[in-house]
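What follows is the residue order along each chain.
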Amino acid sequence: MISDKHDDFTPRITSFLCKWCSYTGADLAGTNRLQYPTSIIPIQVMCSSRVDPVFLIKAFLSGSDGVLMGGCHPGDCHYETGNYHTRRRFAILKEIFDSLGLESDRLKLSWISASEGPKFAQVSNEYTEQIRKMGKNPTRKSVFL
Amino acid sequence: MAAVLPVGSDLSGAMNRFLKTILEKDIVDAVLMPMKVPSGDSFAWIIMSDSSIVDDAEAMAPVMPVQGARALRSLTRKGEGSIRVLALMRPCEIRAAIELSKLGQVKTENLILAAYDCPGAVPMDSFVSDPSSGEDLFRKMLAGEDVSAGEVKPSCTSCVEFSMTDADLHFGHFGLGGTEVLLIPGSPKGMEILEALELPADRETSIWDEAVRKRREKQVASRDAAFEETGENIRGVQGMLNVFADCISCRNCRAACPICYCRLCHFESETAKQDPNSRLDSAVTRGGISLPADRMLFHTGRMTHMSLSCVSCGQCSDACPADIPVAQVFSFVADRTQKAFEYSAGRNDGDPLPLRSFMKSELSGIHEMVSDAEPGGHAHE
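Residues numbered from 1 in each chain as written. Chains lettered and ligands numbered in written order. Predicted model: local features only at pLDDT ≥ 70, side-chain atom pairs only at ≥ 80, totals over all residues. Heavy atoms only, no water.

## Notes on helix α8 (residues 206–233) of chain B
Piece 1. Across its 28 residues, α8(B) extends 40 Å between first and last C-alpha, which sits within 8% of the 40 Å expected from 1.5 Å per residue.
Piece 2. Packed against the buried residues of α8(B) are α6 (154–157), β6 (169–172), β7 (180–185) and α14 (326–340) of chain B. (Helix = DSSP H or I, 4+ residues; strand = E, 2+ residues; numbered from the N terminus. Expected span 1.5 Å × (residues − 1). Contact = heavy atoms within 4.5 Å.)

## Description of the environment of Lys36(B)
Residues and elements named next belong to chain B.
Piece 1. Looking at the secondary structure, you find Lys 36 in strand β2 (residues 30–36).
Piece 2. A relative accessible area of 35% means that Lys 36 is categorised as partly exposed.
Piece 3. C-alpha of Lys 36 to C-alpha of Asp 56: the two residues are 20 residues apart in sequence and 7.8 Å apart in space.
Piece 4. Those residues in contact with Lys 36 that lie beyond four places of it in its chain are Ser 42, Phe 43 and Glu 135. (Buried < 20%, exposed > 50% of the residue type's maximum accessible area, 1.4 Å probe, protein only.)

## Points about the nonpolar core
Piece 1. Phe18(B), Leu19(B), Leu86(B), Phe171(B) and Phe244(B) are the most contacted members of the largest nonpolar core, which has 129 residues in total.
Piece 2. Among residues more than four places away in sequence, those in contact with Phe244(B) are Ile234(B), Met296(B), His299(B), Met303(B), Ile324(B), Val329(B) and Phe330(B).
Piece 3. Within the second largest apolar cluster, 13 residues are counted, among which are Ala29(A), Ile112(A), Ala121(A) and Ile131(A). (Core = buried A, V, L, I, M, F, W, Y, C linked by side-chain atoms within 4.5 Å.)

## Some remarks on the confidence of the model for chain B
Piece 1. Across chain B, the average pLDDT comes to 91, with 96% of residues at or above 70.
Piece 2. Ignoring residues within four places in sequence, the model shows residues 369–381 of chain B, a span with pLDDT below 50, making 21 contacts including any to other chains. (pLDDT = per-residue confidence, 0-100.)

## Description of the pairing of strand β3 (residues 43–48) of chain B
All names here are of chain B.
Piece 1. Here β2 runs beside β3; their pairing, made up of six bridges, is antiparallel. Note on β3: the bridge partner recorded for Val 31 is Met 48.
Piece 2. Once β2 ends, the chain turns through six residues before running back antiparallel as β3, passing Gly 40 with a positive phi of about 80°. (Pairing = 2+ DSSP bridges.)

## So, the sheet that holds β3(B)
Residues and elements named next belong to chain B.
Piece 1. Overall, mixed pairing links the seven strands, which are arranged β1-β7-β6-β5-β4-β2-β3 in an open sheet. The open sheet is flanked by β1 (3–6) and β3, the only strands paired with a single partner. Along the sheet, successive strands turn relative to each other by an average axial angle of 25°, direction set aside.
Piece 2. Against the sheet, helix α1 (residues 11–24) contacts β1, β2, β3, β4 (85–89), β5 (111–116), β6 and β7, and its axis sits at roughly 150° relative to β2.
Piece 3. Strands in contact with helix α2 (residues 68–76) are β2, β3, β4 and β5; relative to β4, the strand with the most contacts, it is inclined by about 165°. (Axes fitted to C-alpha atoms, helices over the stretch in contact; angles between N-to-C directions.)

## What about the interface of chain A and chain B?
Piece 1. Contacts between the two partners involve 49 residues from chain A and, on the opposite side, 56 residues from chain B.
Piece 2. Buried surface at the junction of chain A and chain B, summed over both partners, amounts to about 4,700 Å²; 61% is from carbon and sulfur atoms.
Piece 3. Taken together, chain A and chain B are joined by three salt bridges.
Piece 4. Measuring nitrogen to oxygen at the nearest pair gives 3.2 Å for the salt bridge that ties Asp294(B) to Lys58(A).
Piece 5. Our count for the contact surface shared by chain A and chain B stands at 19 residue pairs in polar contact (both at pLDDT 80 or more). (Buried area = accessible area lost by both parts, 1.4 Å probe. Salt bridge = Lys/Arg side-chain N within 4 Å of Asp/Glu carboxyl O. Polar contact = N/O pair within 3.5 Å; in protein donor to acceptor, adjacent residues only side chain to side chain.)

## Considering the packing of aromatic side chains
Piece 1. Taken as a whole and judged by the stated rule, the model has nine aromatic pairs over all chains.
Piece 2. Pairing Phe43(B) with Phe127(B) gives two aromatic rings, centres 6.1 Å apart and planes at 50°, and the pair type is tilted. Placement of the pair is Phe43(B) in strand β3 and Phe127(B) in helix α4 (residues 124–129), with a sequence separation of 84 residues.
Piece 3. When the centroid spacing of 5.2 Å and the interplanar angle of 80° are considered together, the rings of Phe267(B) and Phe298(B) count as edge-to-face. Here the residue Phe267(B) occupies a position in the loop between α10 (252–256) and α11 (276–286), and Phe298(B) occupies one in helix α12 (residues 295–306), the gap between them amounting to 31 residues.
Piece 4. We classify Phe267(B) as buried; its relative accessible area is 10%.
Piece 5. Given a relative accessible area of 2%, Phe298(B) falls into the buried group.
Piece 6. Its end group placed over the ring of Trp20(A), Lys19(A) keeps NZ or CZ at 5.3 Å from the ring centre.
Piece 7. Lying over the aromatic face of Phe162(B), Arg215(B) brings its terminal NZ or CZ to 5.1 Å of the ring centre. (Phe/Tyr/Trp six-rings, centres within 6.5 Å; stacked < 30°, edge-to-face > 60°. Lys NZ or Arg CZ within 6 Å of the ring centre and 35° of its normal.)

Structural data, given as structure tokens:
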């Protein structure tokens, strides 16, 4: 939840959500009228493994304050093994961010099933709060990217 | 254990004679090795079936114009070759060939990969501008004399895989004073060649082992220092810009990379092309953007695509017209991503490519658990 006690910074969190689990989870959060912040900008993808790590970097370099990757729980992938690959790619991307001294906490991977509307709301709230504490994405200021 | 190849006056010449012999005896049908170009200022890969051409070739070339694995790929990308080819290349080229074979781009069935103790390479630009000093420098490097680090290709000064890769046959000469070369078989294929030549592999390799070990110690120290420096320079968004803002988007680094084999690179695809109007929007919303855009995206993105197979050959740096230390950065990052998966690029040890495989239970900490306190979330009231 975005409260007023901080400044007026509303983070932008580009969120790649898989159609079968996380996006449906987000839908459920909506139909259950659970509140989650407007910072989440959802992009529906057919599978989390469709998301090339380049997309996440692109979101980061384009000034997203956080990038959320949502997929089915391991073992529950609609395409059986997609999210296992996602997990490896995400680990590599985090390692690259850490090597380059970029803030890897601006990347988040979360497993949210279709029935976990409350979890989606909770992840959204907590991650927004975390990003708010981190402040704006430093790439926002650079013209050389 | 190894077989021994006596050396007369010329190390490279002795290797040439060996290759000539195996061609003449029909042990292989062709040999792939470097040869000096007519203008004398560079070397090219020649695949030769005529043993008389071998006389003009150079077993160990001072420079590395085209990564050998790229040359090899063009021979076998559609399946195993119709003739038996022995490819004599630097260890980093062999390692790239092994990575490409894991990626389905090189078929090793009819290939014999041969490597040698590599003393490093002379940077392409300095060799082209003065070939004779380049050759003198390389002779010194081969003889194990100290040369100043600035004269050698930067990635070679921090190379720790300069000897004994997973090649079928290895020519070991470090620590032997230029009097002989050890022929060390690394596979049944390599063994077969020695058997066909009736060369018994009965020589102890301890002197050579020790020389390689000592050199490796030195190289590890210089690599660690280089990594530390690179890690400092590249740190954060500002560091990235300091290093990569010179980039002119020519993508030579990708073109020279042995691992980047994709016929259509993501960064050339329609997916990667942003709508012009959205670029203009970015210019308005961000205050300003640089063009051509997405230079940082290209470099960091390429790291996610190929760093796990990066063999630190340094061709990307050599190819960069803006003198960006691409190889140093990629090598530094690749070392970390490969370690994260306990993978070492270029080894033929049966380890699958980390991006092509997974284990069901691994990386359990990578997705951060939300706090367990209240699983219900916040209901709207």
